[in-house]
Amino acid sequence: MTTRIVLVRHAQAVPPPFGLPDDGRRPLTPAGVEAARSLAERLVAYGPAAVLSSPQLRAVQTVTPAADVLGLAVTTWPELREWESGMLPSADWEERYARSWADPGSAQGEGESLDALTSRAGKALARMAAEYPEVTVLVGSHGTFLARALIAAGRRVDWAFWRALPMPAVHEVVV
């Protein structure tokens, strides 16, 4: 049995304010909303039987136009959430992310290591395969989750790949 999983990185979102924890309620920008609408036809063409998403608003908003066309509800799974890095948004975020990619077993403060995120992503993929066998599942999530899910599925993904991911981005895996 195989399940095709179409992973979608959210479209452009309103940036998080520096120095404050990201609360997950950041919406898409107007350009992001338009990109999500424009992406819907491509996502519908995969013929998904289910649409899942991170509970974070920007991910839900990205897959909702496709779900609406398909007549499907967007079901949120907490394990599809973005990486809980332990880092507050700041001007030097890219340097700190690069250090985490260089040492994926390390965690910052109470944050989750990238290795832990890879494990969480792998478990989410396995759950999808168990709950949705022999169909296609559309999954709205986040860049770091998408990259680590690809790693969990056996793909070679590195810091440069993550940095080059557009918003939105679409990648598929079969589990």
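Further up the page is the structure itself.
A brief look at the structure comes next. Quantities reported herein were computed from a predicted structural model and do not represent experimental measurements.

### Quick word on the environment of Ala91
Summarising the element assignment, Ala91 is placed in the loop between strand S3 (74-76) and helix H3 (93-102). With a relative accessible area of 68%, Ala91 lands in the exposed category. C-alpha separation for the pair Ala91 and Phe161, spaced 70 residues apart in sequence, amounts to 21 Å.

### A short note on the packing of aromatic side chains
What characterises a pair of aromatic rings is the spacing of the ring centres plus the angle enclosed by the ring planes. Using the criterion set out here, one finds 6 aromatic pairs in the structure. Judged by centre distance (6.5 Å) and plane angle (45°), the rings of Trp101 and Trp159 are tilted. Of this pair, Trp101 sits in helix H3 while Trp159 sits in helix H6 (residues 159-164), placing them 58 residues apart in sequence. An aromatic cluster is built from Trp83, Trp93, Tyr97, Trp101, Trp159 and Trp162, whose rings are joined through pairwise contacts. When the ring centre of Trp162 is taken as origin, the NZ or CZ atom of Arg9, which lies over that ring, is 5.6 Å away.

### Details of the side chain of His10
Within the element layout of this structure, His10 appears in the loop between strand S1 (4-9) and helix H1 (30-44). For His10, a relative accessible area of 7% puts it in the buried group. Reaching out from His10, the side chain makes a polar contact with the side chain of Arg58 at a distance of 3.4 Å. Setting aside residues up to four positions removed in sequence, His10 forms contacts with Arg58, Ala59, Thr62, Ser141, His142, Met167 and Pro168.

Reading the values: the criteria
- Residues numbered from 1 in each chain as written.
- Predicted model: local features only at pLDDT ≥ 70, side-chain atom pairs only at ≥ 80, totals over all residues.
- Heavy atoms only, no water.
- Helix = DSSP H or I, 4+ residues; strand = E, 2+ residues; numbered from the N terminus.
- Buried < 20%, exposed > 50% of the residue type's maximum accessible area, 1.4 Å probe, protein only.
- Phe/Tyr/Trp six-rings, centres within 6.5 Å; stacked < 30°, edge-to-face > 60°.
- Lys NZ or Arg CZ within 6 Å of the ring centre and 35° of its normal.
- Polar contact = N/O pair within 3.5 Å; in protein donor to acceptor, adjacent residues only side chain to side chain.
- Contact = heavy atoms within 4.5 Å.

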